[in-house]
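# Structural description and commentary
For reference, the chains in residue letters:
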Amino acid sequence: MPAAITEEQQDRDRQGLLDVAERLFYRQGVQAVGMDELRTASGLPLKRIYRLFPTKEALVVAMLDRRDRRWRGSLAAHLDAEPDPRRRVLALFDWLGAWFAEPGFRGCAWVNAYGELGSSSPAVADAARAHKRAFHDQVVALLSSVDASAAESVYLLAEGAIVVAGIHGDPTAAARARTGAELLLGRNARG
């Protein structure tokens, strides 16, 4: 009889499977990746995968939630490194530009998953909406000490840059959105 799986092993398997799922789902799309491909890439038997995540949908949601925490945490760390509040707003676009220029960038994972599954999976739609709300709140907080009235516009500039960079493969979308944010903040500062 095989030894019981420890909590530590279960956590390692879970994290490893999430790593594999994120890489494959982001690169190929959720629907294009089957459970057999996940099994092969993770080295875990299907039975083990289904013990960790009873459905593919549960795996997608867990992957999106984990990616959300990491993505927003990385952004927050980047912004926190800039002491000047106005330059911190502009640093948002610098961070986006670096993300857009990463090898394998395929746009927003939450928009991609929502586009594939949002109409048929309320859980995936909820995960995408939760990410967008949290990012929106992050931008609103960022603008609160600079120009709260510009928060919605800056958020839309950032989201637009993400979409343009993803669809057109153009990392310069962040720099163009940054210019728009500079103009907006300058115009609002002059009253």
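A few points on the structure. Bear in mind the structure is a predicted one, so any value in this text is a computation, not a measurement.

## A look at the packing of helix α4 (residues 56-80) against helix α5 (residues 85-100)
Between α4 and α5, the shortest axis-to-axis distance is 9 Å and the interhelical angle comes to 130°. Relative to α5, the element α4 is oriented oblique. Crossing of α4 over α5 shows right-handed handedness. Between α4, through Arg67, Trp71, Ser74, Leu75, His78 and Leu79, and α5, the contact on the second element is made entirely by Arg88, Ala91, Leu92, Asp94, Trp95, Leu96 and Trp99. Each residue belonging to the contact of α4 with α5 can be placed in one class, and the counts come to eight nonpolar, two polar and three charged.

## Concerning the pattern of salt bridges
A complete count under the given rule lists 14 salt bridges for this structure. Its salt-bridge partner being Glu22, residue Arg66 comes within 3.3 Å of it at the nearest N-O pair. Taken as a pair, Arg66 in helix α4 and Glu22 in helix α1 (residues 7-28) lie far apart in primary sequence, 44 residues in all. On the basis of relative accessibility, which here comes to 13%, the residue Arg66 falls in the buried class. A salt bridge links Arg67 to Glu22, with the nearest nitrogen and oxygen atoms 2.7 Å apart.

## Points about the nonpolar core
Within the largest apolar cluster, 60 residues are counted, with the highest numbers of intra-cluster contacts made by Leu92 and Leu96. Residues contacting Leu96, with those up to four places away along its chain left out, are Trp71, Ala158, Ile162 and Ala174.

Calculation rules
Residues numbered from 1 in each chain as written. Predicted model: local features only at pLDDT ≥ 70, side-chain atom pairs only at ≥ 80, totals over all residues. Heavy atoms only, no water. Axes fitted to C-alpha atoms, helices over the stretch in contact; angles between N-to-C directions. Helix = DSSP H or I, 4+ residues; strand = E, 2+ residues; numbered from the N terminus. Parallel < 35°, antiparallel > 145°, perpendicular 65-115°, else oblique. Left-handed = near helix turned anticlockwise from the far one by under 90°. Contact = heavy atoms within 4.5 Å. Nonpolar A, V, L, I, M, F, W, Y, C, P; charged D, E, K, R; others polar. Salt bridge = Lys/Arg side-chain N within 4 Å of Asp/Glu carboxyl O. Buried < 20%, exposed > 50% of the residue type's maximum accessible area, 1.4 Å probe, protein only. Core = buried A, V, L, I, M, F, W, Y, C linked by side-chain atoms within 4.5 Å.

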